[in-house]
Amino acid sequence: GDIRLSLLVLLSAVILVLLIACVNVSNLLLARSTGRTREFAIRAALGAGQGRLLRQMLTESLLLSLAGGGLGLTLAAWGTKAALAALPGGLPRAEEIGLDGRVLMFTLGISLLTGVIAGLAPALKTSQGRLSETLKEGGRGTSAGRHRAQGVLVAVEMALALVLLIGAGLMIRSLGALWNVDPGFQPNNVLTFELNFPPSARAASPEATRANLRDLSNKLSSILGVRAASFSAGAAPLQGEDDLFFWREDRPKPASTSEMQMSVVYRVEPDYLTALGIPLKQGRFFTNQDEQGAPSVAVIDEAFARKHFPGEDPIGKRINLGDDNDPFQIVGVVGHVKQWSLEADDKQSLQSQLYLPFRQVAGNPSGVGVVIRADGVSGKNGSVIFDSIRQTIQSQNGQNIIFGAQTMNEVIADSLNRQRFSMILLNSFAAVALLLASIGLYGVISYLVSQRTHELGIRLALGAQRKDVLRLVLSHGLKLVLAGVALGLAAALVLTRLLAEMLYGVGATDPATFGLIPLLLIAVALLACYIPARRATKVDPLVALRHD
């Protein structure tokens, strides 16, 4: 369904993290194999062929990846349930996520594949060495080719990390834009819950039921700290939907319901607008006089007025609701609320919203929704208010059942669960990618510093300043980072377009994100380079020269 794109994006993020890990391990294995060049040269001199050396390197890489896969499975067994519990809801069939035979086979296959990928580059480099030259060099094993290969791998790491970081940055900005969307009501200090009545209450006469509901509504409104309270039925913003067919009284009745117009319907009490903070645009809202037996009235929203009364004043017009009741006269127009979602409400075909007086609804409801605006609902005193509400409700009938209590801020947060789920995971993957790329860069620069100890000693002996050595090492690392940033920006301009459907209020090529994220990556990378660069400035020229 609509979660498919999110899962594909997250799968792509996982693949990018896996590639970064492979590149990182390849770089470290390449550095390790460079230090073992003399060992491999001696093995070759004793008769080992290139195929034998290649198999040895790949075997070591496969053992490493299989060990990592086993550790990963252990962590997954411990952490999957905990992660799902900590992450926001909204992921369909989340209870089915767990380890099974398919996961075990997948992990085995991925471990073998990554072992080959990670070990291939160092294995090929090792097999290409020249026996006589290596033995003459005495085993230092330095070569421009290996340095170039390591530099390329670091640049690729940085590019992949940048793609993930930009994707995570776009998701953060998108979620921030969604939080700033006006839902059409004021969610702060608003509590909602469902109230179910016992069978004995539902068996009472409609007149007695209406009297009990009216009495309970008045009691709720009189609780200290409660500003407004309203029962509701039908649709609820961002929670549940209900709709009905209608036609204008001054138009011919359609031959069938398929030819009628449709609207979302809310059945509410007079204080509903105050409780939710919905603005009244024109006319009036319901009053205590709009009860059973009074003239049937209705209130519409701005979208209803624009669509069904274009260029007209809807106040005083009448609509039929497809039943035997008298036509409902429109007495007011209110602001449009986000019924479907914060990001996609405007894309829904059904926009019209119709409000009907709750107290004019016939019959005995089995339950109602309750909306209450009260001081401190979102703060530390919220539980005190809810305790007072519960006591008031159960004082009328101890068998009344209250469930599903939420603040409207929690309702909005729940409506964004899918976006929050994707953002949290994508940011987690981006953080892991940044950490791995930084470790890889640190490892390469540290290795180069150790290989160039003799050269750095000579430079210092000939008069080079410590800051010159620091600048030399940092500039080498910065070149690798900038190359990766350039490659990553080019890739991100293409790949982030896959996120376009998941974004709101921000483009897939958002200039702010594409400008700030590379700076963040460069800053972290320079920090990773600074540690080995600082160590390089402390090289003692006499020790370095004596060592070689």
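Everything that follows concerns the structure shown earlier in this document.
From a predicted model like this one, the values you see are computed outputs, not experimental measurements.

## As for the overall build of the chain
Counting its regular elements, the chain contains 17 helices and eleven strands. Taken as a whole, the chain presents about 27,000 Å² of accessible surface, with 59% of it coming from carbon and sulfur.

## A look at the packing of helix α12 (residues 408-415) against helix α13 (residues 417-451)
Where α12 contacts α13, the axes come no closer than 5 Å and their chain directions differ by 60°. What the angle tells us is that α12 and α13 run oblique. When α12 is examined against α13, the residues Ala413, Asp414 and Ser415 are found in contact with a partner set consisting of Asn417, Gln419 and Arg420.

## Thoughts on the side chain of Ser6
You can see Ser6 is positioned in helix α1 (residues 4-35). When neighbours within four sequence positions are excluded, Ser6 is seen to be in contact with Arg418, Ser422 and Met502.

## Some details on the environment of Thr496
Here Thr496 shows up in the loop between α15 (466-495) and α16 (511-536). Residue Thr496 is classed as buried on the basis of its relative accessible area, which comes to 2%. Placed 13 residues apart in sequence, Thr496 and Thr509 show a C-alpha to C-alpha distance of 7.3 Å. Setting aside residues up to four positions removed in sequence, Thr496 forms contacts with Ile166, Leu170, Ala508 and Phe514.

## Here we look at the packing of aromatic side chains
Following the criterion strictly, the structure yields eight aromatic pairs and no others. With a centroid separation of 4.8 Å and an interplanar angle of 20°, the aromatic rings of Tyr266 and Tyr355 are classed as stacked. Taken together, the residues Tyr266 in strand β4 (residues 261-268) and Tyr355 in strand β9 (residues 353-357) connect sequence positions 89 residues apart. With relative accessibility at 0%, the residue Tyr266 sits in the buried group. For Tyr355, a relative accessible area of 1% puts it in the buried group.

## Regarding α16
Taking 1.5 Å per residue as the helical rise, α16 with its 26 residues ought to reach 38 Å, and the 38 Å between its terminal C-alpha atoms agrees with that figure. A bend of about 30° at Tyr530 is the largest found in α16, and the proline Pro532 appears one to four places after it. Every buried residue of α16 is listed here: Thr513, Phe514, Ile517, Pro518, Leu521, Ile522, Ala525, Ala528, Cys529, Pro532, Ala533 and Ala536.

## Things to note about the pairing of strand β1 (residues 190-196)
Within β1, five of the seven residues are buried, leaving the element largely enclosed by the surrounding structure. As paired elements, β1 and strand β10 (residues 367-374) share seven bridges and run antiparallel to each other. Within β10, the position partnered with Thr192 by the bridge is Val371. As paired elements, β1 and strand β11 (residues 401-407) share five bridges and run antiparallel to each other. Paired with Glu194 across the two strands is Phe403, which belongs to β11.

## Digging into a nonpolar patch on the surface
Taken together, Leu8, Leu11, Val14, Ile15 and Leu19 make up a surface patch of nonpolar side chains, about 400 Å² in accessible area. Among the residues examined, Leu19 registers a relative accessible area of 36% and is labelled partly exposed.

## Observations concerning unusual backbone geometry
A positive phi is found at Asn189, a non-glycine position, where the angle reads about 65°. By the secondary structure assignment, Asn189 is in the loop between α6 (144-179) and β1. Residue classification places Asn189 among the partly exposed positions, given a relative accessible area of 23%. Here Leu238, not a glycine, exhibits a phi torsion of approximately 65°, which is positive. With respect to the helices, strands and loops of the structure, Leu238 is situated in the loop between β2 (226-234) and β3 (243-248).

## Quick notes on the pattern of salt bridges
As enumerated under the stated definition, the model contains 14 salt bridges in all. A salt bridge links Arg359 to Glu269; the nearest nitrogen and oxygen atoms lie 3.0 Å apart. Taken together, the residues span a long stretch of sequence, with Arg359 in the loop between β9 and β10 and Glu269 in the loop between β4 and α9 (272-276) at a distance of 90 residues. The class for Arg359 is buried, based on a relative accessible area of 11%. Accessibility expressed as a relative area gives 2% for Glu269, which makes it buried. The partner of Lys338 in a salt bridge is Asp346, with the nearest N and O atoms 3.4 Å apart.

## Concerning the nonpolar core
By size, the foremost hydrophobic cluster in this structure holds 89 residues, and its most contacted members are Tyr272, Ile278, Phe285, Tyr355 and Leu441. Here the element with the most residues in this core is α13; it accounts for 16 residues. Not counting chain neighbours up to four residues away, the residues in contact with Tyr272 comprise Ser230, Ser232, Pro237, Tyr266, Ile278, Phe285, Tyr355 and Val371. Ranked by size, the runner-up nonpolar core spans 22 residues in total, among them Phe197, Leu216, Ile223 and Ile372.

## As for the side chain of Asn320
In this structure, Asn320 sits in strand β7 (residues 318-320). Setting aside residues up to four positions removed in sequence, Asn320 forms contacts with Phe245, Phe246, Trp247, Glu249 and Pro327.

## Considerations on the packing of α13 against α15
Relative orientation and spacing of two packed helices are given, respectively, by the angle between their axes and the distance between those axes. Between α13 and α15, whose axes approach to 11 Å, the crossing angle comes to 140°. With respect to their mutual orientation, α13 and α15 come out oblique. Taken as a pair, α13 and α15 cross one another with a handedness that is right-handed. Where α13 approaches α15, its residues Leu441, Ile445, Leu448 and Val449 are matched on the opposing element by Val473, His476, Gly477, Leu480 and Val481.

## Topic: the environment of Glu343
Of note, Glu343 is situated in the loop between β8 (328-334) and β9. Sequence separation of Glu343 and Leu416 is 73 residues, and the distance between their C-alpha atoms is 9.0 Å. Every residue in contact with Glu343, bar those within four places of it in the chain, is listed here: Leu178, Arg418, Gln419 and Tyr504. A distance of 2.8 Å separates the side chain of Glu343 from the side chain of Gln419, its partner in a polar contact.

## Looking at the environment of Tyr266
For the pair Tyr266 and Ala236, spaced 30 residues apart in the sequence, the C-alpha separation amounts to 7.1 Å. A distance of 3.4 Å separates polar atoms of two side chains, one belonging to Tyr266 and the other to Gln353.

Criteria and cut-off values
- Residues numbered from 1 in each chain as written.
- Predicted model: local features only at pLDDT ≥ 70, side-chain atom pairs only at ≥ 80, totals over all residues.
- Heavy atoms only, no water.
- Helix = DSSP H or I, 4+ residues; strand = E, 2+ residues; numbered from the N terminus.
- Areas by Shrake-Rupley, 256 points an atom, 1.4 Å probe, with all protein chains shown as cover.
- Axes fitted to C-alpha atoms, helices over the stretch in contact; angles between N-to-C directions.
- Parallel < 35°, antiparallel > 145°, perpendicular 65-115°, else oblique.
- Contact = heavy atoms within 4.5 Å.
- Buried < 20%, exposed > 50% of the residue type's maximum accessible area, 1.4 Å probe, protein only.
- Phe/Tyr/Trp six-rings, centres within 6.5 Å; stacked < 30°, edge-to-face > 60°.
- Expected span 1.5 Å × (residues − 1).
- Bend = angle between axes of the 7 residues up to and from the residue.
- Pairing = 2+ DSSP bridges.
- Patch = residues over 30% accessible without salt bridge, like charges linked within 9 Å, V, L, I, M, F, W, Y side chains within 5 Å.
- Salt bridge = Lys/Arg side-chain N within 4 Å of Asp/Glu carboxyl O.
- Core = buried A, V, L, I, M, F, W, Y, C linked by side-chain atoms within 4.5 Å.
- Left-handed = near helix turned anticlockwise from the far one by under 90°.
- Polar contact = N/O pair within 3.5 Å; in protein donor to acceptor, adjacent residues only side chain to side chain.

Read these as geometric descriptors, not functional statements.
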